[in-house]
Number of protein chains: 2
Amino acid sequence: MPREITAFSNPLVKYARELRDKKHRRGARQFMAEGLRILTEARETGRLPRILFYAAANADHPLVHALSIDVEMAGGESIQTTPDILSKLSGKDNPQAVVGVFDEFDRTLADLDRGSSGIWLVAERLRDPGNLGTILRTADAVGAGGLILIGECVDPFSVEAVRASMGALFTIPVVRSEWAEFLGWLREEPGQLVGLSLDTEHDYRAARYAAPTFLLTGNEAQGMPADYAAACDLLVKIPMLGKADSLNAAVATAVMAYEVLAQQRR
Amino acid sequence: MPREITAFSNPLVKYARELRDKKHRRGARQFMAEGLRILTEARETGRLPRILFYAAANADHPLVHALSIDVEMAGGESIQTTPDILSKLSGKDNPQAVVGVFDEFDRTLADLDRGSSGIWLVAERLRDPGNLGTILRTADAVGAGGLILIGECVDPFSVEAVRASMGALFTIPVVRSEWAEFLGWLREEPGQLVGLSLDTEHDYRAARYAAPTFLLTGNEAQGMPADYAAACDLLVKIPMLGKADSLNAAVATAVMAYEVLAQQRR
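Along each chain, residue indices are assigned from 1 in the same order as the chain's sequence is written. Chain labels run from A onward and ligand labels from 1 onward, assigned in the order the entries are written. This being a predicted model, a pLDDT of at least 70 is required before a residue's local features are given, and a value of 80 or more before pairs of side-chain atoms are given or counted; all residues contribute to the totals for chains, interfaces and linings. Side-chain metrics in this entry use all non-hydrogen atoms of the structure; hydrogen atoms and water are not considered.

As recorded by an unreviewed UniProt entry, chain A carries the name TrmH family RNA methyltransferase and is attributed to Sphingomonas melonis. UniProt positions are given in the numbering used here, feature names are shortened, and annotations may be inferred rather than shown by experiment. Recorded under Sequence similarities (unreviewed entry), the UniProt text for chain A is reproduced unchanged: "Belongs to the class IV-like SAM-binding methyltransferase superfamily. RNA methyltransferase TrmH family."

(A) Looking closely at the packing of aromatic side chains. For Phe, Tyr and Trp, where Trp contributes only its six-membered ring, two rings pair if their centres lie within 6.5 Å, and the inter-plane angle classes them as stacked under 30 degrees, edge-to-face over 60, or tilted in between. Following the criterion strictly, the structure yields 28 aromatic pairs over all chains and no others. For the ring pair Tyr258 of chain A and Tyr204 of chain B, a centre distance of 6.3 Å and an interplane angle of 85 degrees mean the geometry is edge-to-face. Linking Tyr258 of chain A in helix H11 (residues 249-265) with Tyr204 of chain B in the loop between strand S9 (192-196) and strand S10 (213-217), this pair reaches from one chain into another. Judged on exposure class, the residue Tyr258 of chain A and its partner Tyr204 of chain B are both buried. By the ring-pair criterion, three or more aromatic residues cluster together here, those being Trp120, Trp179, Phe182, Trp185, Phe214 and Tyr228 of chain A. A cation over an aromatic ring shows up here: Arg114 of chain A above the ring of Trp185 of chain A, its NZ or CZ 4.3 Å from the ring centre. The numbering of helices and of strands both runs from the N terminus, where a helix is a DSSP run of H or I of at least 4 residues and a strand a run of E of at least 2. Buried, partly exposed and exposed residues are distinguished by accessible area as a fraction of the type maximum, computed with a 1.4 Å probe on protein chains only: under 20%, between the cut-offs, and over 50%, respectively. Consider the ring centre and the ring normal. A charge sits over the ring if Lys NZ or Arg CZ is within 6 Å of that centre and within 35 degrees of that normal.

(B) Spatial organisation of the packing of helix H3 (residues 36-44) of chain B against helix H4 (residues 62-73) of chain B. All names here are of chain B. With their axes 11 Å apart at the nearest point, H3 and H4 run at an angle of 45 degrees to one another. The angle between the axes of H3 and H4 places the two elements in the oblique class. Viewed along their axes, H3 and H4 form a crossing whose handedness is left-handed. Contacts from Leu36, Leu39, Thr40 and Arg43 of H3 reach H4 at Leu63, Val64, Ala66, Leu67 and Asp70. The classification used treats Ala, Val, Leu, Ile, Met, Phe, Trp, Tyr, Cys and Pro as nonpolar, Asp, Glu, Lys and Arg as charged, and all other residues, Gly among them, as polar. For the contact of H3 with H4, the residue count by class is six nonpolar, one polar and two charged. All axes here are fitted lines through C-alpha atoms, helices being fitted over the stretch that makes contact, and every angle between N-to-C directions spans 0 to 180 degrees. Each angle receives one of four descriptions, namely roughly parallel if under 35 degrees, roughly antiparallel if over 145, roughly perpendicular if within 65 to 115, and oblique otherwise. In this scheme the crossing of two helices becomes right-handed for a clockwise turn of the near helix relative to the far one and left-handed for an anticlockwise turn of less than a right angle. Two residues qualify as a contact provided that any one of their heavy atoms is within 4.5 Å of a heavy atom in the partner residue.

(C) Broad picture of the pattern of salt bridges. Residues and elements named next belong to chain A. Salt-bridge detection follows one rule: a side-chain nitrogen of Lys or Arg within 4 Å of a carboxyl oxygen of Asp or Glu. Considering all chains together, one arrives at 30 salt bridges over all chains under this definition. For Asp155, the salt bridge is made with Arg25, and the minimal N-O distance between the two is 2.8 Å. Taken together, the residues span a long stretch of sequence, with Asp155 in the loop between strand S7 (147-150) and helix H7 (159-165) and Arg25 in helix H2 (residues 22-28) at a distance of 130 residues. Ionic contacts of the salt-bridge type, sharing partners, join the residues Arg25, Arg29, Glu104, Asp106, Asp155 and Arg176 into one network.

(D) Local environment of the relation of the copies chain B and chain A. What sets the superposition is a least-squares fit of C-alpha atoms, and only residues with pLDDT of at least 70 in both copies go into it. Each copy superposes on the other: chain B lies on chain A with an RMSD of 0.0 Å after a rotation of 180 degrees and an axial shift of 0.0 Å. On this basis, the relationship between the two copies can be described by a two-fold rotation axis. Mapped onto chain A, 100% of the interface residues of chain B are again interface residues, and the two copies thus contact each other with one and the same surface.

(E) Region of the structure containing the domain arrangement of chain A. Residues and elements named next belong to chain A. The domain limits used here are those given by an automatic or database domain assignment. You can read the domains of chain A as domain 1 (3-103) and domain 2 (109-265). Between the C-alpha centres of domain 1 and domain 2 there is a distance of 31 Å. The interface is formed by 16 residues belonging to domain 1 together with 11 residues belonging to domain 2. When the area that domain 1 buries against domain 2 is broken down by residue, the three leading residues are Arg25, Phe31 and Ile38, summing to 39%. In this structure, the connection of domain 1 to domain 2 is made through two salt bridges. Its salt-bridge partner being Arg163, residue Glu34 comes within 3.0 Å of it at the nearest N-O pair. Whenever two N or O atoms come within 3.5 Å, that pair is a polar contact, provided that in protein one can donate a hydrogen and the other can accept it, and provided that, for residues adjacent in sequence, both atoms are side-chain atoms. There are three residue pairs in polar contact (both at pLDDT 80 or more) connecting domain 1 and domain 2. Among the secondary structure elements, those contributing two or more residues to the side of domain 1 that touches domain 2 are H2, strand S2 (30-34) and helix H3 (36-44). Split by residue class, the side of domain 1 that touches domain 2 holds six nonpolar, two polar and eight charged. Values labelled buried area give the accessible surface lost by two parts on being combined, using a 1.4 Å probe and summing over both.

(F) Molecular detail of the interface of chain B and chain A. Across the contact, 34 residues belong to chain B and 34 residues belong to chain A. For the pair chain B and chain A, the summed buried surface comes to about 2,900 Å²; carbon and sulfur atoms form 54% of the total. Between the two partners, chain B and chain A, sit two salt bridges. Across the salt bridge formed by Arg205 of chain B and Glu259 of chain A, the nearest N and O atoms sit 2.8 Å from each other. At the junction of chain B and chain A, the tally comes to 17 residue pairs in polar contact (both at pLDDT 80 or more).

As structure tokens, then:
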């Protein structure tokens with residue numbers, strides 16, 4: 001049976017709230033995801049929250065009900081609570097109907113099956129959680145095999161990244177790696193490393209991509225280091241006709257990924 | 001000569017700080033932009049802040065110096081201040097070197113010269129300021145003629161939108177309009193209205209675009225109303241191979257805009 005919690009001081013509420021903080025997340029190796037759509041997406045990929053919070057008013061919603069039963073069957077906690085506590089958990093005035101606490105699921109390069117897709121996304125020193133989530137969403141849309149994060153990237157399990165991913169965090173494998181380790185793994189088998197750059201004459205539309213293509217996007221402010229660029233099989237640029245001469249990193253990744261997808265589908 | 005202000009209670013500091021709030025912005029018809037890159041971009045397009053705040057430590061930076069002189073020549077206030085006050089103004093722990101207060105510059109449809117570009121971006125009920133700024137940045141990159149905002153959109157002069165635009169707010173004309181007014185204006189002269197939709201069989205790559213193309217992106221959560229879709233000359237979809245069946249609105253706009261650009265450059 002679901003428990004009812006209405007006190008802000010409840011330890012489970014406090015625990016979940018603290019997962020918004022990176023330090024606590026790192027210690028607990030758990031993270032928070034919100035929203036019926038995202039939690040249902042997670043459930044369909046076989047991931048259930050360890051703790052599920054939902055508003056009493058939504059108890060009879062069929063998807064909430066199904067989530068609650070599955071969580072309890074799996075030995076988790078299903079907690080009926082108030083809109084105020086959901087607001088506190090999500091940090092938003094209009095909270096989602098459900099908030100879940102999940103175990104983190106880190107993968108390593110060895111877990112990836114590079115034959116599973118012709119497109120892989122690689123981002124180095126990505127700093128913005130919204131960009132990370134948006135890139136995951138794009139990865140899902142183009143059918144990418146996964147997202148590989150190189151170096152000091154923002155935490156993919158941060159509330160903002162999970163939110164921006166719209167559930168893709170659960171459908172797309174994410175691996176955190178260092179550059180040397182990634183490069184070693186990459187070169188063990190065929191794979192084309194394509195870097196997005198401003199310092200090249202190769203237009204991204206004129207270039208030809210060979211599956212599996214690994215698309216490397218550099219840091220939002222600085223782009224990628226020169227030695228990373230030198231290690232690429234191909235550097236390509238997206239034309240920019242304006243004055244600012246820059247695209248958002250998630251946008252640039254998506255424009256590239258859709259070109260690769262279009263070529264691979266021909 | 002620049003004034004020096006070190007007190008949080010100074011009325012100019014208070015005034016600028018309040019521009020983060022939509023209500024104050026609306027009354028004052030002024031907005032705040034931060035960062036040397038963005039303010040220099042603004043200066044190059046002929047827009048100078050009415051009030052310029054900069055950290056004393058950056059007073060000798062050539063771009064800060066040039067900005068300060070131009071602001072004073074134009075009758076504005078140039079204010080040397082502390083990192084703490086810049087933090088308070090920008091709402092960030094690591095503030096930018098400069099913060100400027102600018103007059104808003106609303107344009108109307110009549111101000112647009114549709115012969116000036118083959119690509120125009122149109123967004124309806126866009127709610128996320130980051131998306132708006134990112135779309136402006138994309139508009140700059142593809143050489144779009146402008147961005148037309150339909151209905152209740154987020155304020156393009158909000159701090160978050162200005163920040164995400166990376167200066168493109170100053171280079172790309174933005175017009176706020178209602179749907180009926182926009183449609184009337186659009187049909188006065190040639191122009192192809194292309195809607196991004198999930199409910200069509202037309203692949204965005206197979207479609208053919210005729211300049212000037214007006215790319216319509218719907219609300220982040222709901223897409224566009226049926227009657228807006230019905231008014232389009234063409235509906236196209238971006239293939240989505242994943243489970244989530246959605247792309248970030250700014251990403252979808254960019255993928256479309258780059259396809260139109262590629263066709264128009266052929």
